[in-house]
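Chain residues, written in single-letter form:
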Amino acid sequence: MKPLQELTRPNIWALKPYSSARDEYSGAEASIFLDANENPYNTPNNRYPDPLQKELKNLIAPVKKVLPSQLFLGNGSDEAIDLMYRAFCRPGVDNVVAIDPTYGMYQVCAEVNDVEYRKVQLDENFQFTADSLLAASDEHTKLIFLCSPNNPTGNNLCREEIIALLQGFEGLVIIDEAYADFSDAPSFLLDLEKYPNMVVLQTFSKAWGCAAIRLGMAFAHADIIGILNKIKYPYNVNRLTQQEAVRMMEQHYRVKEWVGSLLEERTRLVREFKKLPCCQHVYPTDANFFLTRVTDAKKIYDYLVSQGIIVRNRSNITLCKDCLRITIGTRPENDALLDALKKLKLQ
Ligand SMILES: *Cc1c(COP(=O)(O)O)cnc(C)c1O
């Protein structure tokens, strides 16, 4: 890995962050706060939230077996993705490399930040090789994006290739584990100490059932997390979100229960789905959704909409011709999907 200073945009490395009232005094023992121009009425929403989310990080860190200093919290993992560009990629100069197909936000953020986005197509099993990503990179490649289990394909990426990339790439490797809770593969978080150039993303939006509160996590060496904290908006995670996430951490056994039910439903839904006349193929999945190639994706998508069932048409994406991406729902929801598609053949 190159020294972090060399990877960081010079203006960001030199930046002195905005220091908020709550940064300069964070003690709780004082009882009279006249420092932040807040309204003294309407407690508790009148007060600015903790800019570094200490209480919440102290609950998450032991569960994830990391230090609070190795954890960044943001307004969804989408914030962390954007901050990675803003911290490390000089607009119009640097580039990033990513697998294709994958989660669309990596490219959107690249375009917003005027950073060249280089795609390397996955093979027919939706796998990659470290060599092909390294071959697409050059001295201006700062970041490589991986997503495992991958969206929209659903599969885990090959662990040996990920490790080869972590060892062979001079910049930062981002491993998006938004769906890791649904997979048997061990999280790369367990190897955080081993790879100083690794950034692991996780989110409260999927297995944790909290997409509405907008809370994402980035895990990395404390020096990388320090850079993200330096450039984020001071109060990027609001108090209501912090409070709800604290409540979720206190009942995280519920996540295990949800994941258990969803995995059972996934097995059942995939098994039944494969019997449908419209189904050509169901790709293997390690996530709470599956990708399926159907006879006519647009027709089936439109038909399902007319039945009040919304899936994701991924036909226009690389390697996904005539593919739908289907999220696992509750048992009645999944049954409604199957029933609707069984009727389709009668038309
Ligand atoms: C859903 C998803 C996310 C989650 O984004 P949030 O901003 O945390 O809601 C991140 N990465 C991938 C690949 C996803 O599919």
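Conventions used here
- Residues numbered from 1 in each chain as written.
- Predicted model: local features only at pLDDT ≥ 70, side-chain atom pairs only at ≥ 80, totals over all residues.
- Heavy atoms only, no water.
- UniProt positions renumbered as here; feature names shortened; annotations may be inferred.
- Helix = DSSP H or I, 4+ residues; strand = E, 2+ residues; numbered from the N terminus.
- Expected span 1.5 Å × (residues − 1).
- Contact = heavy atoms within 4.5 Å.
- Buried < 20%, exposed > 50% of the residue type's maximum accessible area, 1.4 Å probe, protein only.
- Polar contact = N/O pair within 3.5 Å; in protein donor to acceptor, adjacent residues only side chain to side chain.
- Axes fitted to C-alpha atoms, helices over the stretch in contact; angles between N-to-C directions.
- Left-handed = near helix turned anticlockwise from the far one by under 90°.
- Nonpolar A, V, L, I, M, F, W, Y, C, P; charged D, E, K, R; others polar.
- Phe/Tyr/Trp six-rings, centres within 6.5 Å; stacked < 30°, edge-to-face > 60°.
- Lys NZ or Arg CZ within 6 Å of the ring centre and 35° of its normal.

The chain carries the name Histidinol-phosphate aminotransferase in an unreviewed UniProt entry, which gives Phocaeicola faecium as its organism. Check the Cofactor (unreviewed entry) section of the UniProt entry for the chain; it says "pyridoxal 5'-phosphate".

A. Up close: helix α11 (residues 253-273). The end-to-end C-alpha distance of α11, which contains 21 residues, comes to 30 Å, matching closely the 30 Å that a straight helix rising 1.5 Å per residue would cover. Those residues of α11 that are buried lie in contact with β8 (279-282), β9 (289-294), β11 (323-327) and α13 (331-344).

B. Here's a closer look at the environment of A110. Counting through the fold element by element, A110 comes out in helix α6 (residues 105-112). Each C-alpha atom, one on A110 and one on N316, is 20 Å from the other, the two residues being 206 residues apart in sequence.

C. View of the UniProt feature "modified residue: N6-(pyridoxal phosphate)lysine" (unreviewed entry) in the chain. In the numbering adopted here, UniProt assigns the feature "modified residue: N6-(pyridoxal phosphate)lysine" (unreviewed entry) to K206. Tracing the backbone through its elements, the reader meets K206 in the loop between β6 (198-203) and β7 (216-219). Note on K206: relative accessible area 29%, which makes it partly exposed. Contact partners of K206, with chain neighbours within four places excluded, come to A178, Y179 and F182. Among the polar contacts made by the side chain of K206, one reaches the side chain of Y179 at a distance of 3.1 Å.

D. Structural view of the packing of helix α4 (residues 54-64) against helix α10 (residues 239-249). At their nearest, the axes of α4 and α10 sit 9 Å apart, and the two run at 35° to each other. Every pair of crossing elements has a handedness; the one defined by α4 and α10 is left-handed. Across the interface between the two elements, E55, L56, L59, I60 and V63 of α4 pack against Q242, A245, V246 and M249 of α10. Partitioning the contact of α4 with α10 into residue classes produces 7 nonpolar, 1 polar and 1 charged.

E. Just the packing of aromatic side chains, in detail. Counting across every chain of the model gives 8 aromatic pairs. With a centroid separation of 5.5 Å and an interplanar angle of 80°, the aromatic rings of Y103 and Y106 are classed as edge-to-face. Between the aromatic rings of Y179 and F289, the centroid separation amounts to 5.0 Å while the plane-to-plane angle is 80°, which identifies the pairing as edge-to-face. Taken together, the residues span a long stretch of sequence, with Y179 in the loop between β5 (172-176) and β6 and F289 in strand β9 at a distance of 110 residues. Taken as a pair, Y179 and F289 share a single burial class, namely buried. Among the aromatic side chains, those forming a connected cluster through ring pairs are Y85, Y103, Y106 and F145. Sitting over the face of the ring of F188, R159 holds its NZ or CZ atom 4.2 Å from the ring centroid.

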